[in-house]
Protein chains: 2
Amino acid sequence: MAKQLTKRDDNYSQWYNDLVIKADLAENSAVRGSMVIKPYGYAIWENMKAVLDKMFKDTGHVNAYFPLFIPKSFFSKEAKHVEGFAKECAVVTHYRLKNDPNGKGVVVDETARLEEELIVRPTSETIIWNTYKNWIQSYRDLPLLINQWANVVRWEMRTRLFLRTAEFLWQEGHTAHATREEAQEEALRMLDVYVDFAENYLAIPVIKGDKTENERFAGAENTYTFEAMMQDGKALQAGTSHFLGQNFAKAFDVKFTSNEGREEYVWATSWGVTTRLIGALIMSHSDDNGLVLPPKIAPIHVVIVPIYKTEEQRKALAEKALEIKKKIEARGYTVKFDDRDTHKPGWKFAEHELKGVPLRIAMGPRDLENQTVELARRDTLEKSIENMDGLEDRIPALLDNIQATIFNKALKLREEKTTHADTWEEFKEVLSQKGGFVMAHWDGTTETEVKIKEETKATIRCIPFDSVDEEGVCIYSGKPSKRRVLFAVAY
Amino acid sequence: MAKQLTKRDDNYSQWYNDLVIKADLAENSAVRGSMVIKPYGYAIWENMKAVLDKMFKDTGHVNAYFPLFIPKSFFSKEAKHVEGFAKECAVVTHYRLKNDPNGKGVVVDETARLEEELIVRPTSETIIWNTYKNWIQSYRDLPLLINQWANVVRWEMRTRLFLRTAEFLWQEGHTAHATREEAQEEALRMLDVYVDFAENYLAIPVIKGDKTENERFAGAENTYTFEAMMQDGKALQAGTSHFLGQNFAKAFDVKFTSNEGREEYVWATSWGVTTRLIGALIMSHSDDNGLVLPPKIAPIHVVIVPIYKTEEQRKALAEKALEIKKKIEARGYTVKFDDRDTHKPGWKFAEHELKGVPLRIAMGPRDLENQTVELARRDTLEKSIENMDGLEDRIPALLDNIQATIFNKALKLREEKTTHADTWEEFKEVLSQKGGFVMAHWDGTTETEVKIKEETKATIRCIPFDSVDEEGVCIYSGKPSKRRVLFAVAY
């Protein structure tokens, strides 16, 4: 078929790009670094949004919307934030175009220059905390549990569809609390919401932990992360949740009167996941035939393909297929009946495999006689002959099984590709030969962390919460260490 | 109470601004012309989105996402479009900031100037048709029925919350068709979807019709509009649907091979509604006590307020209230139990009236004894004593009745404030004395249209589809006219 993918073993990176394009998920646009998210890719994002939005609301959050533009001066208010965020940004300097006096087209009207430049938000802590200042006076106004679904822009030099783009879509939670403890709890609660989402919906096993000081969000006291392993052994940071302390409250002078009548600065968190999760989803599960989508996030759960030669057969199959479709849909699933007569069944099979539809039902005239269908699982590519009768009753368990199988396969790969290394030589060899996650001792200094990165490209993905206490020595410096941290080369 | 509103009769414009702020819908931000949509306002937008999104999907559309930035040169490609749209825009000229060498803060890095400026999308026809060029080759690729939920920016000089802001949220549908007829049908279909939404969900009666040539969307062959009347008699354009002909296909060279093998330009539509609809909703129904929200779009349908003095009473009422809440929620409604002990019942009543909650249930110790509650309708402010028993069974019909009552009240007002004028004197007098909609004859020329606007501020809102054939003479020029058109002063 025309839509042949590069094989993962031949060129993993090319395979990924091919797949994103050929499965109609996204494509590069005329604007450098900005992608077009095509309808099929956007349908996956809509499903992700729906699940996450419900999770946020179930944990007491509400949505709001803050401006796209942030005055340049806001970025200077939080000392660390400016270093981390206000550099590679899109800057709006003018607010008017005019007809080019020298010919065709339009030019910038130089008389319409803004007094203060506006930055297209790379993240919204500054504009939001500037707003919260007016919303918070008393402990009665707290906590403030707000989320925003929005587009953001970071001027990345090297971009890849979904994984790193100049503009991307995300949600950013920004909460305000009366106490340090409450804010810390919130940051961890949202990390757990994300982990629940990643593992139970995206079927991606993740490791949660603290970021090192060096890898923290600019302006955070602590950054919690959840890290996934892609099939090529590289790590991908799937999302983060930050405990911001009182840094933004101090920068924007946001105080409240406590119930003891004292004036105090407000405590903050922020947390976000992005369209990057679509990249993680693709790279976690898909294969040389195309996408493999976990049923809980797939836009289409079941596709029915009729196989016929005569018009009479076509009609008879359509009638039965629509009956089956209706019964499965009544269980809450999305079913597509692919009755296009412009393509042959084999072409359709390949197309739906490419698009990762979890279950395929094929039926021909013989099946009608026998009251059977051919059922094919996308994850294992296994086929079976099934009785039409009561098929819809078996679909839910089957989709649950596919969901679990996809997760377990990813978990097994991660376990196989996670290695404990105790010496510098061993560490380097694992990274260059086997790749994957390396659990190793580290002396806790940024200096060592940076040197290890320079020499191996591996970074500390996190200090896993479940890393056990264990005496050891840093693989690089030989200094003492109390527990292992998670190293990997990352996307 | 503290949150006193300006009265509509005293200052309608101030009443509107007060209400938007005091009902916690939105506020102005630190960025001129950009608003913050607060959680309660955003909840209304989320409800609107959910209903519209389903309507779009039910009519065969899918969502996608296109870039925020549009290369400046794209705007020059469609001759009329550039005149109408590429003027008051936010222009991105640089992609990097740097530390100010002379002191604190950050400055624009002048070495990071873009080769071609990027425009923050004021609307997306150009970038989308540039993309469609690669998606459309054959008649088999058509129709393309795509919608986008997005933020857009138009640099308005005079802004008002929801009604006119520099940045606003909207949806923009962009469809591509093989024939003129199909595209025209689509533009009218989506107009009807909007009218259905406005009348049956927002409870706003609207008049649909053609825009005059002068008021058409820049680049459209025809613009259909639906116009609403606000309580002060001014018109508000609630949304538009455009038949774009082949203008954008020609500008971006988008051709397809027809099923007869001919190469032809593609036919287009676009259609959109915005957060402005929240402004329309407020100004259509609300009163001097605050918001009046139609149940089908209200974030909270029923609020229950307990009235107690003792802790024992509080507990007994809470138990019963939660029971009632659960029963009403089981019918698919959102119920809030307002058990805050920081505020008195009277304060809460005023608060929920301000926020437009359609039904209020108040219950005290006497009610517990009698197994009754006091039920108050927000729309009519009527109160009644109701039996607790089976209350949940009566709620759906009651909310439906409120929905219908709100619509009928708005319809009655519009009818009262719609006048036929046959002479220029009469026309001016109606506009200056009574206001509202004026149905009058017009000679069909832009010249007359512009002069009428200059002299009276009234514009032709539309040529209503249901305007009957009728011989007459233009109120301004005295030239012959075949049918009346709809004039009004508009927001």
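Calculation notes
Residues numbered from 1 in each chain as written. Chains lettered and ligands numbered in written order. Predicted model: local features only at pLDDT ≥ 70, side-chain atom pairs only at ≥ 80, totals over all residues. Helix = DSSP H or I, 4+ residues; strand = E, 2+ residues; numbered from the N terminus. Rg over C-alpha atoms; globule rule 2.2 N^0.38 Å. Buried ≥ 20, exposed ≤ 12 C-beta atoms within 10 Å, placed from the backbone. Contact = placed C-beta atoms within 7 Å. Nonpolar A, V, L, I, M, F, W, Y, C, P; charged D, E, K, R; others polar. Pairing = 2+ DSSP bridges. Domains from an automatic or database assignment. Arc of directions from axis to C-beta.

## With respect to the overall build of chain A
Consideration 1: Check the secondary structure of chain A and you find 13 helices and 26 strands.
Consideration 2: Rg of the C-alpha trace for chain A: 26 Å, near the compact-globule value of 23 Å for 491 residues, within the 12% margin.
Consideration 3: Expressed along its principal axes, the backbone C-alpha trace of chain A runs to roughly 80 × 70 × 55 Å.
Consideration 4: Going through the 491 residues of chain A one by one, you find that 48% of them count as buried.
Consideration 5: Long-range contacts, defined here as pairs at least 24 residues apart, represent 67% of the contacts in chain A between residues at least 6 apart.

## Brief notes about the interface of chain A and chain B
Consideration 1: Taken together, the contact pairs 55 residues of chain A with 54 residues of chain B.
Consideration 2: Looking at side-chain class alone, the side of chain A that touches chain B contains 33 nonpolar, twelve polar and ten charged residues.
Consideration 3: Pairing of strand β5 (residues 91-94) of chain A with strand β5 (residues 91-94) of chain B involves three bridges; the strand directions are antiparallel. Residue pairing for β5(B): A:H94 is matched across the bridge by B:V91.

## What to know about the domain arrangement of chain A
Residues and elements named next belong to chain A.
Consideration 1: What the domain assignment lists for chain A is domain 1 (12-70 + 122-285), domain 2 (302-401) and domain 3 (418-488).
Consideration 2: Every contact between the two is made by 15 residues of domain 1 and, on the other side, 13 residues of domain 3.
Consideration 3: Among the secondary structure elements, those contributing two or more residues to the side of domain 1 that touches domain 3 are β11 (206-210) and β12 (222-229).
Consideration 4: In terms of residues, the side of domain 1 that touches domain 3 owes the most to one element, β11, which gives four residues.
Consideration 5: Broken down by class, the residue content of the side of domain 1 that touches domain 3 amounts to three nonpolar, five polar and seven charged.

## Regarding helix α12 (residues 424-434) of chain A
All names here are of chain A.
Consideration 1: Looking only at α12, the buried set comprises F427, V430 and L431. Around the axis of α12, the buried residues are gathered within 95° of arc, so they sit on the same side. Looking at α12, the residues exposed on the side facing more than 90 degrees away from the buried face are E425, S432 and Q433.
Consideration 2: Two residues or fewer after α12 comes G435, characterised by a positive phi angle close to 70°.

## Re the environment of B:E199
All names here are of chain B.
Consideration 1: Note that E199 resides in helix α5 (residues 180-200).
Consideration 2: Accessibility expressed as a C-beta count within 10 Å gives 17 for E199, which makes it partly exposed.
Consideration 3: Between the alpha carbons of E199 and I324 there is a distance of 31 Å; along the sequence they are 125 residues apart.
Consideration 4: Once residues lying within four places of it in the same chain are set aside, the contact partners of E199 are I204, P205, V206 and F407.

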